[in-house]
Amino acid sequence: MAGEVAGDRTPELLAIVHDIAAAPTPPLPAAIAGDGTFRKDCTDLVRRISLLTHLFEEIKELNKSGGGGAAASDGDGGGGAASWSFDVVVALQSAKRLLSVARNFRSNCSSDGAAKTIIFQFQSVTWKLEKLLSNLPYDHLEISEEVREQVDLVRTQLRRATDKYGFMISQMPSYKLSEPLAQEISQVPGRTTSGLHKQHSCPENLSELDKIRTNDGGEVCSRHQGVSRLERARSIPTMSEISLTNVTDTESEENSESKSPPEVKKSEGVLIPEDFLCPISLELMRDPVIVSTGQTYERSYIQRWIDCGNTTCPKTQQKLQHLTLTPNYVLRSLISQWCIEHNIEQPTGLTNGKIKKSDGSFRDVTGDIAAIEVLVRKLSSRSVEDRRAAVTEIRSLSKRSTDNRILIAEAGAIPLLVNLLTSEDVLTQDNAVTSILNLSIYENNKGLIMLAGAIPSIVQVLRAGTMEARENAAATLFSLSLADENKIIIGASGAIPALVELLQNGSPRGKKDAATALFNLCIYQGNKGRAIRAGIITALLKMLTDSSKSMVDEALTIMSVLASHQEAKVAIVKASTIPVLIDLLRTGLPRNKENAAAILLALCKRDTENLASLSRLGAVIPLTELSRSGTERAKRKATSLLEHLRKLQQV
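A brief look at the structure comes next.

Cut-offs and rules
Residues numbered from 1 in each chain as written. Predicted model: local features only at pLDDT ≥ 70, side-chain atom pairs only at ≥ 80, totals over all residues. Heavy atoms only, no water. Core = buried A, V, L, I, M, F, W, Y, C linked by side-chain atoms within 4.5 Å. Buried < 20%, exposed > 50% of the residue type's maximum accessible area, 1.4 Å probe, protein only. Domains from an automatic or database assignment. Contact = heavy atoms within 4.5 Å. Helix = DSSP H or I, 4+ residues; strand = E, 2+ residues; numbered from the N terminus. Salt bridge = Lys/Arg side-chain N within 4 Å of Asp/Glu carboxyl O. Pairing = 2+ DSSP bridges.

1. Re the nonpolar core
It is characteristic of soluble globular proteins that their nonpolar side chains tend to be buried jointly.
In step 1: Grouped together as the largest cluster of nonpolar side chains are 96 residues, with contacts concentrated most on Leu499, Leu503, Ile536, Leu540, Leu562, Leu614 and Leu623.
In step 2: Taken domain by domain, this core gets at least three of its residues from each of domain 3 (481-570) and domain 4 (576-650).
In step 3: Those residues in contact with Leu499, other than ones at most four positions away along the chain, are Leu462, Ala474, Leu477, Ala514, Ala517, Leu518 and Leu521.

Structure, rendered in structure tokens:
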């Protein structure tokens, strides 16, 4: 019976996910109700929940086929299938209500307590969903490897979000919860609830989350004591993960309530936390980024420092190991929230018709806003000529500057541009896809493009558009795939076969764009099999043997990513690629030799037949030479291969 109950729940789960994904996030400042304070939080939560669609669809199909897994009576968490599915329904309903409240929140009409309550609820919802996903009875559910990877990715992102909200809460002074708002978010039909649970006592049984009462409006979440042990941001992820540096150590605060607050700088009567100031300009940061030493700076100032030939960290004087600048999203969010709480013009994006420049001054963009809004209205005109002229101008504007990309997106252009991707007018379609590519360069716009449902239409352009449109569609997919969750969505959309086709038969630029997008998509394990089945190995081998040698680098880089996949190994060997790789060990450029050695090692490490083939084809001499004179990575790969060959001869 448990299986039947769980089966009955999956349509409900899918319906809730669909409702959450379909609910629009209105553009700033055109939102009818909310002012966009929690816009990014809503966007991120919606994307993560949307990724659960494949999980619920697999469970639903298993229930239909009468598979034993879905009907299992016990799971890892000790509850039956009915229990976990009911808990997930409750959690998603809570998320749906939270999104509704957060989207309609207006900072100028609400108390500080109301905003903090929503932050607290975002943490509660993300923690609840992550905990549920970790306790699903996977041993009894016949979930595919690809879907399991998706769920693991969602769990990781939910955990990071929980840490982020935990840190934000730990930095807030004591406050009283806004009880009507808390009840509006947390009330579950058929249950007696009173909103939020106390932050320092998160229950292990998730079904009890909505039952725990606050003390009649008593204080919750004090700065030093109010963060759950499970949820505290003890170690914010760094570098490639969402990062946070130069902030007060919350764990130290917990251990010492008498600790002095961090230094602050006074500016026009407002105390600005020292950690929010760029160490170079001493100004409130607009676009904080992290350098290799872990220090955070305003992007424009540290970029200027690097452009002048400096290779050390301005603050620590340590040598920069690399010059990559990693966006510090968590600190940016904290700065934004602090600006809201202190009624200060926010340094990020558009504020009261002004955008902050890198020198700290503000540029009035009121006239630009008005002109862009006129263009955006024309995107939905009945006149083909008006639409064509408007999208052509938007393409031009979106290419020029980040400020324009912000203004165009906030004027609500993205959903209208997505609609124009299916236009029968070729010029309109070309300019629409190029406009979306330009807009996607600004990080915050990526989520808006995904939420507008752009991927299916972009893939259609990739398949059937003009060559220029196909090139820009491929480049857009690469830009969007920089976010991990988007790799999954794009891979499942049918984009990979279309990209492989462009890789084989496109223009030189189209092939480059397709190769870049395929490389990024194939970082996700689930997309490697899709690429193999789309015939990518044949395309890569053709690139390796092409007389022009114009795309050898790209082919080897993609193949090196694929070579860890078992299906790819079989396909690479079957295509007689090993002799080509050995030839590149002899004649290729240093980077080509390095990648060729890496691929051969992946193919031969646990395969005696491939190792024997390597020996027969005369790989020992070029490998020996590479182990002595190649790049450091090439030396390691070549030495390892030679060691495997020696062991084979001793057998």
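2. Observations concerning the side chain of Lys487
In step 1: Note on placement: Lys487 falls in helix α19 (residues 484-491).
In step 2: For Lys487, a relative accessible area of 5% corresponds to the buried category.
In step 3: Beyond its immediate chain neighbours, meaning those up to four positions away, Lys487 contacts Ser481, Leu482, Asn520, Leu521, Ile523, Tyr524 and Asn527.

3. Description of the pattern of salt bridges
In step 1: Scanning all chains against the criterion turns up 14 salt bridges.
In step 2: With its nearest N and O atoms 2.9 Å apart, the salt bridge here joins Asp425 to Arg388. Placement of Asp425 in the loop between α14 (413-420) and α15 (426-440) and of Arg388 in helix α12 (residues 384-400) is noted, with a sequence separation of 37 residues between them.
In step 3: Note on Arg388: relative accessible area 26%, which makes it partly exposed.
In step 4: Here the salt bridges share partners, and the residues they tie into one network are Glu130, Arg155 and Arg159.

4. Concerning the sheet that holds strand β6 (residues 296-298)
In step 1: Spatially, the 3 strands line up as an open sheet ordered β6-β5-β7, and their pairing is antiparallel. Edge strands, defined here as strands with exactly one partner in the open sheet, are β6 and β7 (326-327).
In step 2: The sheet contact formed by strand β5 (residues 288-290) and β6 spans 3 bridges and is antiparallel. Paired with Val289 across the two strands is Tyr297, which belongs to β6.

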